[in-house]
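Below are the chains, spelled out letter by letter.
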Amino acid sequence: MFKRHRYPRVVILHAVYLKLRFTLSYRDVEELLSMSGVQVDHSTVQRWVFKFSPEIEKNMHKRKRQVCSSWRMDETYIKV
């Protein structure tokens, strides 16, 4: 999945995590990565998010456990 990319897997996943987890723009993610010593363009971060976020989502759904087999909802009774 990460073959033939210039940056290591850890940097790519960190950039995608920053973009999806926090309400940051692509330029903000670029600035945060440059503070860490990684020089990357904001358009590259955008391509990474578009390319890797569906794969990350599929992997997360595989690991997600089922909460319960049935759901119940409580009733609220209001007398007017």
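Please refer to the structure placed before this passage.
Cut-off values and rules
Residues numbered from 1 in each chain as written. Predicted model: local features only at pLDDT ≥ 70, side-chain atom pairs only at ≥ 80, totals over all residues. Heavy atoms only, no water. Phe/Tyr/Trp six-rings, centres within 6.5 Å; stacked < 30°, edge-to-face > 60°. Helix = DSSP H or I, 4+ residues; strand = E, 2+ residues; numbered from the N terminus. Buried < 20%, exposed > 50% of the residue type's maximum accessible area, 1.4 Å probe, protein only. Expected span 1.5 Å × (residues − 1). Arc of directions from axis to C-beta. Contact = heavy atoms within 4.5 Å. Core = buried A, V, L, I, M, F, W, Y, C linked by side-chain atoms within 4.5 Å. Axes fitted to C-alpha atoms, helices over the stretch in contact; angles between N-to-C directions. Parallel < 35°, antiparallel > 145°, perpendicular 65-115°, else oblique. Left-handed = near helix turned anticlockwise from the far one by under 90°. Nonpolar A, V, L, I, M, F, W, Y, C, P; charged D, E, K, R; others polar.

Student: Can you tell me about the packing of aromatic side chains, naming the residues and giving the values?
Tutor: Within the structure shown, the criterion is met by two aromatic pairs. Seen in terms of ring centroids, Tyr7 and Trp48 are 5.5 Å apart; in terms of plane orientation they differ by 80°. Their pairing is edge-to-face. Taken together, the residues Tyr7 in the segment before α1 (9-21) and Trp48 in helix α3 (residues 42-63) connect sequence positions 41 residues apart. By relative accessible area, Tyr7 is classed as buried at 17%. A relative accessible area of 5% means that Trp48 is categorised as buried. Consider the rings of Tyr17 and Phe22, whose centres lie 6.0 Å apart with planes at 85°: the pair is edge-to-face.

Student: Could you give an account of α1, naming the residues involved and the relevant values?
Tutor: Spanning 13 residues, α1 covers 18 Å between terminal C-alpha atoms, matching the ideal 18 Å at 1.5 Å per step. Restricting attention to buried positions, one finds in α1 the residues Val11, Ile12, Ala15, Val16 and Leu18. The buried residues of α1 occupy one face: seen down the axis, they fall within an arc of 160°. Facing away from the buried side of α1 by more than 90 degrees, the exposed set consists of Arg9, Val10, Leu20 and Arg21.

Student: Tell me about α3, residues and numbers included.
Tutor: The terminal C-alpha atoms of α3 lie 30 Å apart, and with 22 residues this matches the ideal 32 Å at 1.5 Å per residue to within 8%. Within α3 the residues assigned to the buried category are Thr44, Val45, Trp48, Val49 and Phe52. Tucked into the core, α3 has its buried residues touching α1 and α2 (26-35).

Student: For unusual backbone geometry, give the residues involved together with the corresponding values.
Tutor: Non-glycine residue Arg4 carries a positive phi angle of around 60°. Within the fold, Arg4 resides in the segment before α1.

Student: Explain the nonpolar core to me, and be specific about the residues and the numbers.
Tutor: Ranked by size, the top nonpolar core spans 16 residues in total, and within it Tyr7, Leu33, Val45 and Trp48 carry the most contacts. When contributions to this core are tallied by element, the ones reaching two or more residues are α1, α2 and α3. No other element matches the five residues that α1 contributes to this core.

Student: Run through the packing of α1 against α2, naming residues and quoting values.
Tutor: Where α1 contacts α2, the axes come no closer than 10 Å and their chain directions differ by 135°. Between α1 and α2, the angle falls in the class oblique. Here the hand of the crossing between α1 and α2 comes out right-handed. Counted together, His14, Ala15, Leu18 and Lys19 of α1 and Tyr26, Val29, Leu32 and Leu33 of α2 form the full contact between these two elements. When grouped by side-chain class, the residues that make up the contact of α1 with α2 number six nonpolar, one polar and one charged.

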